Amino acid sequence: MSISPDANKPASDQALFDVERIRRDFPLLTATVHGRPLVYFDNAATSQKPSVVIEAERHYYQTENANVHRGVHALSERATAEYEEVRRLVARFLNAESEREIIFVRGATEAINLVASSFGRMAVKAGDEILVTAMEHHSNIVPWQLLCGEKGATLRVVPMNDAGEVLLDEYERLLTPKTRLVALAHVSNALGTVNPVRRMIEAAHRSGIPVLLDGAQAVPHLRVDVRELDCDFYVLSSHKLFGPTGVGVLYGRERLLDAMPPYQGGGDMIRSVTFEKTTFNELPYKFEAGTPNIAGTIAFGEAIRYVSALPWPAVMAHEDALLREATIALGTINGTRIIGTAAEKVGVLSFLMDGIHPHDIGTILDQYGVAVRTGHHCAQPVMDRYGIPATARASFAFYNTREEISVFADALKRVKEVFG
Amino acid sequence: MADLQALYQEIILDHNKNPRNFRVLPDADRVVDAYNPLCGDHYTLYVRLDGDRIADVTFQGSGCAISKASASVMSTVLKGKSIADAQKIFEVFHQLVRGEFKGERDLEHLGKIAAFAGVSEFPTRVKCAILAWHAVRGAVSANEQTVTTE
Ligand SMILES: Cc1ncc(COP(=O)(O)O)c(C=O)c1O
């Protein structure tokens, strides 16, 4: 979005997108905190869940509970069918070519670790390089550091400008014959930046380098098409996409996944086992050892259905309006500074207040019912880049409202009053 | 809001704004780092000992109002105390911020540290309050065989 003071625009969008009706789908949004209505602005940490998701998990345990892929009895067949149906849903949601390219994992973190471990074992050797950006979440840094440490490879970092945008010239310079993989955030959790991933993928592919996109913060805000993006891996977490915790997705290009060795060993991922030799199962099961989070995955399917049914152009216009309004509101409070002012960004507002530590901001906002995150947001290198220890971060979802932004702005004024 | 006032008492706001003993102590006998990786609060504490007395305590660094005011108040309270007395004050402070203080209801005799009693209503902020205290306690106990447990 571009930030301009035309906050009165989306009257027509409101007709399409009735936020009050949407809010009724999310039971926790009616909660009160310290006697005030909850204003949930910590969506980048985790999102709230619609009733259909909560109900799906309960329904599964009450009426269907059985293990998957291992029984001939009716319940197991039903559980397997539902579980596999979610795989098809996710494939369609991301526009993958085939559901064999959809691996269920615990979350974005495990998906990245899977690629680091398996692709890393296959393709990375001493002297090679892995390229990340300066705005990665720790989960897209540490697995690569571990891999590099093991292999004698080097982690390279694409720098960014003060607005929080990657320097594309530097990026292209850092793509060398030694680069084995580019791993970068589609959307930054600390800054809200939407990276120009199409361009970056094209540049990497010109040198034959595969690209992993960390989509944990992208899928709650944008429609993602992995074939249009032409990425090689895409990872996401269910819990940030209005689904349960403990479920995530690795999308991988079939050709790559086929060539990669297994990640963990165990049940489900094998075809046959003797003590002499084991042959592995086909995709996607090769990467899914052990009993998965069946209930969570089935409930995640409901989250995908819910999100897919939303009127997306109107959702995005609504979120843009929230970000614009919050940005303007913050600008009217003296001594505030926004960290992350990229031209392309989603509803993430990291900010500082002169002489007031983010931790104190968070505590005071909480007293007014406003939930924000304070700290380094698992992105310490981002904080170092700006020479700050922490920020306060308000992050929005489509169920947030302009009234909530006013409550937030008023509470910020109270913060200033407390600190004189 | 009553709770907020209990937390951000005048003394705390004052010590946050104008921290006392906020400087390096060149002739310190003990220098110790206090770091909370969760929120990035980071202080260096300097202690000069004179036999079994704490001759001086100073600090540097940055963090939230609670952690900074706490370090500042601590520096004024511990200066001149014997290590044995300091240990007792550490204990009282810990109990106070955790809401476990069993002493008299009237906290007045505790002096400035009484201002931190309100922290006990904010469990996420207890760590901020004890950060510097914990570090200094470790520093002055270092030559004894004392084990400090959280
Ligand atoms: C950009 C980004 N990547 C990865 C993750 C890790 O997600 P999870 O903790 O669900 O595995 C997060 C979560 O905060 C994130 O914001």
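Keep in mind that what you see is a predicted model, and the values were worked out from it rather than measured.

**Q** Please set out the nonpolar core residue by residue, giving values where relevant.
**A** Among the nonpolar cores identified, the biggest contains 86 residues, and A:L94, A:Y234, A:F300 and A:F398 are the most heavily contacted of them. Residue assignment places this core across two domains, with domain 1 (12–46 + 312–419) and domain 2 (64–308) of chain A each supplying three or more. Not counting residues within four places of it along the chain, the set of residues in contact with A:F398 comprises A:F17, A:V19, A:I22, A:F26, A:F242, A:Y306, A:L310, A:V315, A:H318 and A:E319. Counting residues in hydrophobic clusters, the runner-up holds 77 residues, among them A:F351, B:V32, B:A71 and B:I113.

**Q** Run through the interface of chain A and chain B, naming residues and quoting values.
**A** On the side of chain B, 22 residues touch chain A, which itself brings 16 residues to the contact. For the chain A and chain B pair, buried surface summed over both sides reaches about 1,500 Å², with 56% attributable to carbon and sulfur atoms. Across the chain A-chain B interface, the total number found is 1 salt bridge. Note that B:R125 and A:D360 form a salt bridge whose closest N and O atoms lie 2.8 Å from each other. Along the contact surface separating chain A from chain B lie 6 residue pairs in polar contact (both at pLDDT 80 or more). Here the side of chain A that touches chain B is composed, by residue class, of 6 nonpolar, 8 polar and 2 charged.

**Q** Please give an account of the packing of aromatic side chains that cites residues and values.
**A** Under the definition given, this model contains 19 aromatic pairs over all chains. Ring geometry for A:F351 and A:F408: centres 5.9 Å apart, planes at 75°, overall edge-to-face. Taken as a pair, A:F351 in strand β14 (residues 348–353) and A:F408 in helix α15 (residues 402–418) lie far apart in primary sequence, 57 residues in all. Its relative accessible area of 0% is what places A:F351 among the buried residues. Relative to B:W133, the ring of B:F90 lies with its centre 5.8 Å away and its plane at 85°, an arrangement referred to as edge-to-face. Of this pair, B:F90 sits in helix α4 (residues 83–97) while B:W133 sits in helix α5 (residues 126–141); the two residues are 43 residues apart in sequence, bridging distant segments of the chain. Residue B:F90 shares its accessibility class with B:W133, and that shared class is buried. Ring pairing ties together the aromatic residues A:F26, A:F242, A:Y306, A:F398 and A:Y399, which thus form one cluster. Looking at A:R385, its charged tip hangs above the ring of A:Y386, at a distance of 5.5 Å from the centre.

**Q** Any details on the pattern of salt bridges? Residues and values, ideally.
**A** All names here are of chain A. Across all of its chains, the model carries 30 salt bridges over all chains by this definition. Among the ionic pairs, E288 bridges to R87, the shortest N-O distance being 2.7 Å. Here E288 is found in the loop between β12 (278–280) and α11 (294–308), whereas its partner R87 is found in helix α4 (residues 74–94), with 201 residues between them in sequence. Among the ionic pairs, D162 bridges to R385, the shortest N-O distance being 2.9 Å. On the criterion of sequence distance, the pair formed by D162 in the loop between β6 (154–158) and α7 (168–174) and R385 in helix α14 (residues 380–386) is long-range, its members being 223 residues apart. Taken together, the shared-partner salt bridges connect E84, R87 and E288 into one network.

**Q** Give me the domain arrangement of chain A: which residues, what numbers.
**A** Residues and elements named next belong to chain A. One can read the domain layout of chain A as domain 1 (12–46 + 312–419) and domain 2 (64–308). Computed over C-alpha atoms only, the centres of domain 1 and domain 2 are separated by 29 Å. Here domain 1 packs against domain 2, burying approximately 2,600 Å² in sum over the two surfaces, 56% of which is carbon and sulfur. Considering only the surface of domain 1 that becomes buried against domain 2, W312, V346 and R385 emerge as the three largest contributors, covering 24% of it. Counting the contacts that link domain 1 with domain 2 gives 1 salt bridge. Put simply, the parts of the chain that give the side of domain 1 that touches domain 2 at least two residues each are α12 (312–331), β14 and α14. The element that contributes the greatest number of residues to the side of domain 1 that touches domain 2 is α14, accounting for 6 residues. Taken together, the residues of the side of domain 1 that touches domain 2 sort by class into 21 nonpolar, 7 polar and 6 charged.

**Q** Which residues make up helix α2 (residues 10–17) of chain B, and what values do they have?
**A** Along an α-helix, a turn takes 3.6 residues, which lines up residues three or four apart on a common side. Residue and element names in this part refer to chain B. Within α2 the residues assigned to the buried category are I12, L13, H15 and N16. Viewed along the axis of α2, the buried residues span an arc of 170°, placing them on a single side of the element. Residues of α2 that are exposed and point more than 90 degrees away from the buried face comprise E10 and K17.

Rules behind the numbers
Residues numbered from 1 in each chain as written. Chains lettered and ligands numbered in written order. Predicted model: local features only at pLDDT ≥ 70, side-chain atom pairs only at ≥ 80, totals over all residues. Heavy atoms only, no water. Core = buried A, V, L, I, M, F, W, Y, C linked by side-chain atoms within 4.5 Å. Buried < 20%, exposed > 50% of the residue type's maximum accessible area, 1.4 Å probe, protein only. Domains from an automatic or database assignment. Contact = heavy atoms within 4.5 Å. Buried area = accessible area lost by both parts, 1.4 Å probe. Salt bridge = Lys/Arg side-chain N within 4 Å of Asp/Glu carboxyl O. Polar contact = N/O pair within 3.5 Å; in protein donor to acceptor, adjacent residues only side chain to side chain. Nonpolar A, V, L, I, M, F, W, Y, C, P; charged D, E, K, R; others polar. Phe/Tyr/Trp six-rings, centres within 6.5 Å; stacked < 30°, edge-to-face > 60°. Helix = DSSP H or I, 4+ residues; strand = E, 2+ residues; numbered from the N terminus. Lys NZ or Arg CZ within 6 Å of the ring centre and 35° of its normal. Arc of directions from axis to C-beta.

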